[in-house]
Structures are given as C-alpha cells and as structure tokens.
2 protein chains.
Amino acid sequence: MQQRSEETQSQIVKSAIKLFSTHGYTAASVDMICKDAGISKGAFYHHFGSKQTLFLALLDQWLTTIDSSIEAAHHKTVPEMFLQITEAYPYIIKTAEEGLPMFLEFWLQASRDKKIWQASITPYRRYHKYFTALIKKGVEEGSFVEVDPETASRLIVSTAMGLLLQSLLDPEGANWEKVAKESSDMLVNSLLKK
Amino acid sequence: MQQRSEETQSQIVKSAIKLFSTHGYTAASVDMICKDAGISKGAFYHHFGSKQTLFLALLDQWLTTIDSSIEAAHHKTVPEMFLQITEAYPYIIKTAEEGLPMFLEFWLQASRDKKIWQASITPYRRYHKYFTALIKKGVEEGSFVEVDPETASRLIVSTAMGLLLQSLLDPEGANWEKVAKESSDMLVNSLLKK
DNA sequence: AAAAAAATACCGACTGGTCGGTTTGTTTTA
DNA sequence: TAAAACAAACCGACCAGTCGGTATTTTTTT
C-alpha cells in the first residue's frame, strides 16, 4: 500500500511540475495533470486537498533545494560566494526559464489571498535578510566598499530578477548569459574594494 | 450615433482599466466589465472583437502616453534626463502598482501566442534601443564613464523592473521609494564621470 | 421638411464548454 | 475484513463569445 501510494504521489508531482512549467499554473488543469500522471481525479484529491495545496508543496520542495545549496556554501568567504553565483549563471537562467513563469503567475493570482501570500513572502524575506547579512559581513571584512547593506541587497536582487524577467520576455533579444555576467561584473566592481 | 457610441466605448475602456487592475486580467470577466460600464454584452462585442482585443487597445493607449512623455524630454542633456526620471519615482511606482500586475498576467497568459507576443515585444525592444542610444550619447558627450551601452542599458532596465517587481511582491517590506532613489544613486554614481 | 429606408448601436438570453472539486462505488493492501 | 487507495461519473459555478431581435440615429427619397 505504501509503495504504490508513494509512487502515485511522486507521479502527480512529476506531471504537475512538467505541466505547470509548460502551460502555466492556471492553464494546467487538474484533469490534465491526472491524465498525464496516468491516475484518476479521485487519486489526485486523495493525495492533495486542492490544486493550490499541490502548488504549495512544489514551492516548499523548491525552497528546500535552494536552502541546501545555500547551506553548502556557508564556509566560504563573501567574494568567493559571489564568484560562485556568477559561475552558476547558465544553470540559474535555465532553471528560471522553466520555473519563473509559473511562480510569477501563481504569485500574481494569489496576491489577494492572505494565506498564500504569506507562504511566498516569508521565504522571500528570509533570503533578503540572508543576503543583507552577507553584504554586511563583506563590508565588515573589508572586501566591500562602505555601502548600505540593505539597499545593496535590494539592488542586487532587483538586478537578478530584472535580468531573469527580461530574458523571459525576449529570449532571443540578447545573449542573456553574457549580459548577466557583464552586469554582475559591473555591479561587483562598484561594490568591491580595490 | 457617434456621440453615444464614443461614450459607450470610453465607458468600457474606463471600467476595463479599473477592473483589470483591481482583479487582474483573467479574474475580471467580460460580464463584470459590462455590468460596471452599465452596458450589455452585445454592446461590448459590438465595440471590441474579443477580451484580448480590448486589452491590446489598452496596451496601445498606455504605450502612446509613454511615447509622448519621452518625446517631451527630447531636448535635455543625458544626465538631466536621468535626474528627471529619478524625480518621477513616486509617480512611476504608483503607476506600476496599478498597471504592472495586469500586464504581467496578460503577458504570461498570452506569451505562447505569436501575435500577442509581437505586440508586447516590439515596444520593449524599441525602448531598449532608445535607452541604449541615450547611454551611448552620454558616453560620447563625456558625462559617462566608458561602458558598453548595450549592457548598461540592460542593467538599468533590469534594476527598474526588479525593484518594481519586488515592491509588488512585498509592498510593506521596505520603503521602496527610498530604496529606488538610493539604488539609482548607486547606479548613476558608478556610471557618471567624476 | 416629413416619411421611408438603411445603417449603426444595443440588448440579454443562450450556447458550448471548462474547471475545480465531490460523491459513490470498486479494488488493493496490510 | 477493514482501511487505504483509486476509478469514474457527476455537480455547480463560471465564462467568453453568439445570435435573433429591438432601439436609435443617420441618410435618402419624395
């Protein structure tokens, strides 16, 4: 019983990720997901209370992987970490291409729902705090020029979000990987002490 | 005949803007818009071929106002223009708060439609070109340091989009007007020749 | 200028279909 | 054999768009 149940659940998740990212959150219907997963609607609602619940589970899973990758870089120096992020650009851009639209859509749709909003804003604020602390540490270490860590954090996150969004709007409009690298060079150059 | 017709049409547009920005593109139904405008569904479809057509008309109208405001600043020097943009932040943020979600939602929903994609990507590319030219002019004038105008343009637009998006996701999370001002100061400082 | 004709603007019930979710009944598993 | 897992028919709300017909305005005719 447990064996089959887990198999079904992971099939639902797998199909959901696939269909949410290709069709978007709204356009990917529960029926569609069930059909793709090769199960019935009854099975779906046996495992997940609602479509929203399923998405929240996906969100949670996604956040966990981010957390663990952050955890893994915990012992490095601040400039090293920034360098590592820079090197991860191709992967980040590819991941964003697939995932960002569905998260954006979900956020927009749920921005009027207090509970959902909370679920998405809490990790966002957590990452912002983490990033701010990182920059503060860099300033204290003496590797960064004296900036307001709060503002610098917003600025860096903004740049990342904006680049990702632009690459989404117009994938063929530029060599986004190159632009991302050069942009972060410009940013880091104005941040790093020489 | 013309008098009444124009009146009806502008009522539809007025209600559409109101409901699209408060409820979002999908959630604002045609019935809803008709009811708010005080007209029938028949009248709606007499004036607009579809819900999408109506939105495209709104988009067009919006772009026209942007174009004319750009036109108005055509004789100023480059640093003056950046300063002016900085001063317009409160207005920009407020406008984005109301309009950006509905445009984002529409774009996400329709991004797989060639025709719609074209209608949104063309003005985007136009503005990018304009902005790039502006920076290039600034560099040639000697007021900016030697940067690649293409990259700098992407960077600036990214920052703006990212800030707008963040302020949308978490309006209470920061004093966004202040963050926007300080961020652009940081950016312009690293761009301006001293 | 008044009547007739034509064109335009408008109404609202209706259609066909979608979607998230429920219910009822069956199979599988422990 | 009882509980968990699943299947499939079903429900009600909703929604974009249609259509036959009516009201209003403009144009043409007399």
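So, here is what we can say about the structure in this document. Along each chain, the written sequence defines residue order, and numbers are assigned to residues from 1. Chain A is the first chain written and ligand 1 is the first ligand written, with later ones labelled in order. The predicted origin of the model limits local features to residues at a pLDDT of at least 70 and limits the giving and counting of side-chain atom pairs to 80 or more, whereas totals for whole chains, interfaces and linings rest on all residues. By convention in this description, side-chain values take in all heavy atoms of the structure and omit both hydrogens and water.

**Remarks on the side chain of His-128 of chain A**
1) Next: Secondary structure counts use DSSP, requiring at least four H or I residues in a row for a helix and at least two E residues in a row for a strand, with both numbered from the N terminus. The residue His-128 of chain A is located in helix α7 (residues 114-141) in this model.
2) Next: Judged by relative accessible area, His-128 of chain A falls into the buried class, the value being 9%. The classification of residues rests on relative accessible area computed with a 1.4 Å probe and restricted to protein chains. Under 20% of the type maximum is buried, over 50% is exposed, and intermediate values are partly exposed.

**Focus: the environment of Thr-159 of chain B**
1) Next: Examined against the element boundaries, Thr-159 of chain B turns out to sit in helix α8 (residues 149-169).
2) Next: For the pair Thr-159 of chain B and Ala-180 of chain B, spaced 21 residues apart in the sequence, the C-alpha separation amounts to 9.0 Å.
3) Next: Any two residues whose heavy atoms approach within 4.5 Å are treated as being in contact. Not counting chain neighbours up to four residues away, the residues in contact with Thr-159 of chain B comprise Leu-155, Ser-158 and Thr-159 of chain A together with Leu-187 of chain B.

**Quick word on the packing of aromatic side chains**
1) Next: For this analysis, a ring pair means two rings from Phe, Tyr or Trp (six-membered ring only for Trp) whose centres lie within 6.5 Å, classed as stacked if their planes differ by under 30 degrees, edge-to-face if by over 60, and tilted for the remaining angles. All chains considered together, the criterion is met by 21 aromatic pairs over all chains.
2) Next: Ring centres of Trp-62 of chain A and Phe-103 of chain A lie 4.3 Å apart, and the angle between their planes is 20°; on these two criteria the pair is classed as stacked. Here the residue Trp-62 of chain A occupies a position in helix α4 (residues 51-72), and Phe-103 of chain A occupies one in helix α6 (residues 89-110), the gap between them amounting to 41 residues.
3) Next: When its relative accessible area of 32% is taken as the criterion, Trp-62 of chain A is described as partly exposed.
4) Next: Summarising the aromatic geometry, the rings of Phe-55 of chain B and Phe-106 of chain B are spaced 4.0 Å apart at their centres and angled 25° between planes, so their arrangement reads as stacked. Of the two residues, Phe-55 of chain B sits in helix α4 (residues 51-72) while Phe-106 of chain B sits in helix α6 (residues 89-110), which places them 51 residues apart along the sequence. Comparing Phe-55 of chain B with Phe-106 of chain B, the two get one shared label, buried.
5) Next: Among the aromatic residues, ring-to-ring pairing joins Phe-20, Tyr-25, Phe-55, Trp-62, Phe-103, Phe-106 and Trp-107 of chain A into one connected group.

**Some details on helix α7 (residues 114-141) of chain B**
Residues lying three or four places apart along an α-helix face the same way, a consequence of the helix completing one turn every 3.6 residues.
Residues and elements named next belong to chain B.
1) Next: In this scheme, a helix's expected span is set at 1.5 Å multiplied by one less than its residue total. For α7, built from 28 residues, the straight-helix expectation of 40 Å at 1.5 Å per residue is met to within 8% by its first-to-last C-alpha distance of 40 Å.
2) Next: Within 3.5 Å is the distance limit for a polar contact, defined as a pair of N or O atoms, with the added protein rule that one can donate a hydrogen and the other accept it, and that residues adjacent in sequence qualify only through two side-chain atoms. Near the N-terminus of α7, the side chain that reaches the backbone nitrogen of Lys-115, with its oxygen 2.9 Å away, is that of Asp-113.
3) Next: Count one or two residues on from α7 and you reach Gly-142, which has phi positive near 95°.

**Examining α4 of chain A**
1) Next: Over its 22 residues, α4 of chain A runs 32 Å from end to end, which matches the ideal 32 Å to within 8%, given 1.5 Å per residue.
2) Next: Along α4 of chain A, the residues that are buried comprise Lys-51, Leu-54, Phe-55, Leu-58, Leu-59 and Leu-63 of chain A.

**Quick word on the environment of Leu-165 of chain A**
1) Next: Looking at the element boundaries, Leu-165 of chain A is found in helix α8 (residues 149-169).
2) Next: The spacing of Leu-165 of chain A and Leu-100 of chain A is 65 residues in sequence and 8.2 Å in space, taken between C-alpha atoms.
3) Next: What Leu-165 of chain A contacts, discounting residues up to four positions off in sequence, is Leu-100 and Leu-104 of chain A together with Leu-104, Met-161 and Leu-165 of chain B.

**As for the environment of Asp-113 of chain A**
1) Next: Mapped onto the elements of the fold, Asp-113 of chain A is located in the loop between α6 and α7.
2) Next: Spatially, the C-alpha atom of Asp-113 of chain A lies 36 Å from that of Leu-187 of chain A, the residues being 74 residues apart in sequence.

**Digging into the pattern of salt bridges**
Opposite charge on two side chains allows them to pair when their charged atoms are near.
1) Next: Definition used for salt bridges: Asp or Glu carboxyl oxygen within 4 Å of a side-chain nitrogen of Lys or Arg. Applying the stated criterion to the full structure yields 14 salt bridges over all chains.
2) Next: Here Lys-18 of chain A ties to Asp-36 of chain A by a salt bridge, and the two come within 2.8 Å at their closest N and O atoms. With a gap of 18 residues between them, Lys-18 of chain A in helix α1 (residues 2-23) and Asp-36 of chain A in helix α2 (residues 30-37) connect regions that are remote in the sequence.
3) Next: Among the residues examined, Lys-18 of chain A registers a relative accessible area of 45% and is labelled partly exposed.
4) Next: Owing to a relative accessible area of 31%, Asp-36 of chain A belongs among the partly exposed residues under this scheme.
5) Next: Between Arg-154 of chain B and Glu-150 of chain B there is a salt bridge, and its shortest N-O distance comes to 3.4 Å.

**Considerations on the interface of chain A and chain B**
1) Next: Contact with chain A, which involves 42 residues of that partner, is made by 41 residues of chain B.
2) Next: Note on terms: buried area is the combined drop in 1.4 Å-probe accessible area of two parts once they are placed together, counting the loss on both. In this assembly, chain A packs against chain B so that about 3,500 Å² is buried in total across both faces, 66% of it on carbon and sulfur atoms.
3) Next: Counting across the interface, chain A meets chain B through two salt bridges.
4) Next: The salt bridge partner of Asp-170 of chain B is Arg-125 of chain A, with a shortest N-O separation of 2.6 Å.
5) Next: Counting across the chain A and chain B interface gives 16 residue pairs in polar contact (both at pLDDT 80 or more).
6) Next: Of all the elements in the fold, those that place two or more residues in the side of chain A that touches chain B are α1, α6, α7, α8 and α9 (176-191) of chain A.
7) Next: Its residues assigned to classes, the side of chain A that touches chain B shows 22 nonpolar, twelve polar and eight charged. In this classification, Asp, Glu, Lys and Arg are treated as charged, Ala, Val, Leu, Ile, Met, Phe, Trp, Tyr, Cys and Pro as nonpolar, and every other residue, Gly included, as polar.

**Observations regarding the relation of the copies chain A and chain B**
Relating the two copies of this chain is a rotation about some axis coupled with a shift parallel to it.
1) Next: The superposition of copies rests on a least-squares fit of C-alpha positions from residues with pLDDT of 70 or more in both. You can overlay chain A on chain B at an RMSD of 0.2 Å; the transform is a turn of 180° with a shift of 0.1 Å along its axis. Considering both components of the superposition, the chain copies are consistent with a two-fold axis.
2) Next: Comparing contact sets, 98% of the residues at the interface of chain A also lie at the interface in chain B, consistent with an isologous, same-surface contact.

**Structural notes on the nonpolar core**
1) Next: Grouped together as the largest cluster of nonpolar side chains are 36 residues, with contacts concentrated most on Leu-100, Leu-104, Leu-165 and Trp-176 of chain A together with Leu-165 and Trp-176 of chain B.
2) Next: Of all the secondary structure elements, the ones that give two or more residues to this core are α6, α7, α8 and α9 of chain A together with α6, α7, α8 and α9 (176-191) of chain B.
3) Next: Every residue in contact with Leu-165 of chain B, bar those within four places of it in the chain, is listed here: Leu-104, Met-161 and Leu-165 of chain A together with Leu-100 and Leu-104 of chain B. The definition of a nonpolar core used throughout is a set of buried Ala, Val, Leu, Ile, Met, Phe, Trp, Tyr and Cys residues joined through side-chain atoms within 4.5 Å.

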